[in-house]
Amino acid sequence: MIYELEDTSKVEAMFAGWEITLIYSCLQKVMGKVFVTDTENPRSAMAFVGCFAFPAGEPERELIVNKPDGFVIMIPQDDRWSALIEECYPDARKITRYAIRKDTVFDRERLAEMASGLQEGYELKKIDSDIYDLCVQDPVTADFVSAFGSKEKYLEIGRGMVILKDGKFVSGASSYTRYKEGIEIEVDTIPSERRKGLATIVCSALILACLDESLYPSWDAHDMNSVQLSKRFGYEFSHEYTAYEVASDKRTH
């Protein structure tokens, strides 16, 4: 049986050195949960937020097979966890993701220049109460806010910017998650509006907004296109890592 761990300090050492801000969100109890099979003396744990799961410590089958319902991206801590995920979910899709360094020094002038390039007919707006309601109407944009669990929590600790055209979403960048020191950026543009520089504009605006609040805008890439986009803002590639997409048939987009 698995349990939600209230005292996350008991498992901090298991995740030491793992520079993924989604884990920080869980350990800091800003958002997400940490699951264990033993709340008193845990030997393994799984941090879970959004659709991401991070099993750590001694491999434990019960944590893997009792994942939250629906589509999950599992990030194994090591090869032992990878083998266990593959054993429990033989249909899981093994993928490569790309870590971005967490020590970026941003050029504010350059970001401001890129953020100012919006053409006539488009509108750049902060995700406020009305834009939040617009986001939740579509599975793609819902990802910008859904991990927060409620509108109130997103408006309190989430950060995001969108570009509208004729009052409809065309591009956006938002905090997929939040940790004490910053956010993890999620970005998307509708297919018909891609390759117009909109992602560059909206990401630059969000990064600047974060810097104004002394929040670090962390970036993690799901593909090489995302890696290349990140470089426009001054980020640097760190390393590749393995992930598993479990229950892909339940993915919303």
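Everything discussed here concerns the structure shown above.
Residues numbered from 1 in each chain as written. Predicted model: local features only at pLDDT ≥ 70, side-chain atom pairs only at ≥ 80, totals over all residues. Heavy atoms only, no water.

**A look at the overall build of the protein chain**
When you go through the protein chain residue by residue, the secondary structure sums to nine helices and 13 strands. Relative to a compact globule of 253 residues, whose C-alpha radius of gyration would be 18 Å, the protein chain shows 18 Å and is just as compact. Projected onto its principal axes, the C-alpha coordinates of the protein chain cover approximately 55 × 35 × 35 Å. Burial statistics for the protein chain: of 253 residues in total, 51% are counted as buried. Considering only contacts within the protein chain whose residues lie at least 6 apart along the sequence, 65% involve residues at least 24 apart. Of the charged side chains in the protein chain, 30 are positive and 43 negative, and the gap between their average positions amounts to 3 Å. (Helix = DSSP H or I, 4+ residues; strand = E, 2+ residues; numbered from the N terminus. Rg over C-alpha atoms; globule rule 2.2 N^0.38 Å. Buried < 20%, exposed > 50% of the residue type's maximum accessible area, 1.4 Å probe, protein only. Contact = heavy atoms within 4.5 Å. Lys, Arg positive; Asp, Glu negative; His and termini not counted. Charge placed at Lys NZ, Arg CZ, Asp CG, Glu CD.)

**Focus on the side chain of threonine 37**
Turning to its location among the elements, threonine 37 is positioned in the loop between strand E2 (33-36) and strand E3 (44-49). A polar contact of 2.7 Å, which involves the side chain of threonine 37, links it to the side chain of glutamate 60. When sequence neighbours within four positions are dropped, the list of residues in contact with threonine 37 reads Met1, Ile2, Tyr3, Glu60, Glu62 and Leu63. (Polar contact = N/O pair within 3.5 Å; in protein donor to acceptor, adjacent residues only side chain to side chain.)

**Section: the pattern of salt bridges**
In total, this model carries 17 salt bridges according to the counting rule given. Put simply, arginine 80 and aspartate 78 hold a salt bridge, and the shortest N to O gap is 3.0 Å. For arginine 80, a relative accessible area of 40% corresponds to the partly exposed category. What makes aspartate 78 partly exposed here is its relative accessible area of 24%. For lysine 94, the salt bridge goes to glutamate 86, with nearest N and O atoms at 4.0 Å. The structure contains a network of salt bridges with shared partners spanning Glu58, Asp78 and Arg80. (Salt bridge = Lys/Arg side-chain N within 4 Å of Asp/Glu carboxyl O.)

**Section: unusual backbone geometry**
In this structure, lysine 29 takes a positive phi of about 60° despite not being glycine. Mapping lysine 29 onto the fold places it in the loop between helix H1 (21-27) and E2. On the basis of relative accessibility, which here comes to 46%, the residue lysine 29 falls in the partly exposed class. At serine 214, a position not held by glycine, the phi torsion is positive, near 60°. The topology assignment puts serine 214 in the loop between helix H8 (198-212) and strand E11 (216-218). You can call serine 214 exposed: its relative accessible area is 67%.

**Quick look at helix H3 (residues 79-88)**
Buried within H3 are the following residues: Trp81, Ser82, Leu84, Ile85 and Cys88. Each buried residue of H3 lies within a common arc of 165° when the element is viewed along its axis, so the set occupies one face. For H3, the exposed residues lying more than 90 degrees away from the buried face are Asp79 and Glu87. Elements in contact with the buried residues of H3: E3, strand E4 (52-57), helix H2 (61-65), strand E5 (72-74) and strand E13 (237-246). (Arc of directions from axis to C-beta.)

**Details of the packing of helix H4 (residues 108-115) against H8**
Contact geometry for H4 and H8: axes closest at 8 Å, N-to-C directions at 135°. Compared by their axis directions, H4 and H8 come out oblique. You can see that H4 and H8 cross each other, and the crossing is left-handed. Along the contact surface, H4 presents Arg108, Leu111, Ala112, Met114 and Ala115, while H8 presents Thr200, Ile201, Ser204, Ala205, Ile207, Leu208, Leu211 and Asp212. Class assignment of the residues belonging to the contact of H4 with H8 gives a composition of nine nonpolar, two polar and two charged. (Axes fitted to C-alpha atoms, helices over the stretch in contact; angles between N-to-C directions. Parallel < 35°, antiparallel > 145°, perpendicular 65-115°, else oblique. Left-handed = near helix turned anticlockwise from the far one by under 90°. Nonpolar A, V, L, I, M, F, W, Y, C, P; charged D, E, K, R; others polar.)

**Examining the sheet that holds strand E12 (residues 220-221)**
Spatially, E1-E2-E3-E4-E5-E13-E6-E12 is the arrangement adopted by the eight strands of the open sheet, whose pairing is mixed. Single-partner strands in this sheet number two, and they are strand E1 (3-4) and E12. Sheet topology note: the strand E6 (residues 93-100)/E13 ladder contains eight bridges and is antiparallel. Across the sheet, isoleucine 95 pairs through a bridge with alanine 243, a residue of E13. Here helix H9 (residues 224-231) sits on the sheet and contacts E6, E12 and E13; the angle it forms with E6, its principal contact strand, is near 10°. (Pairing = 2+ DSSP bridges.)

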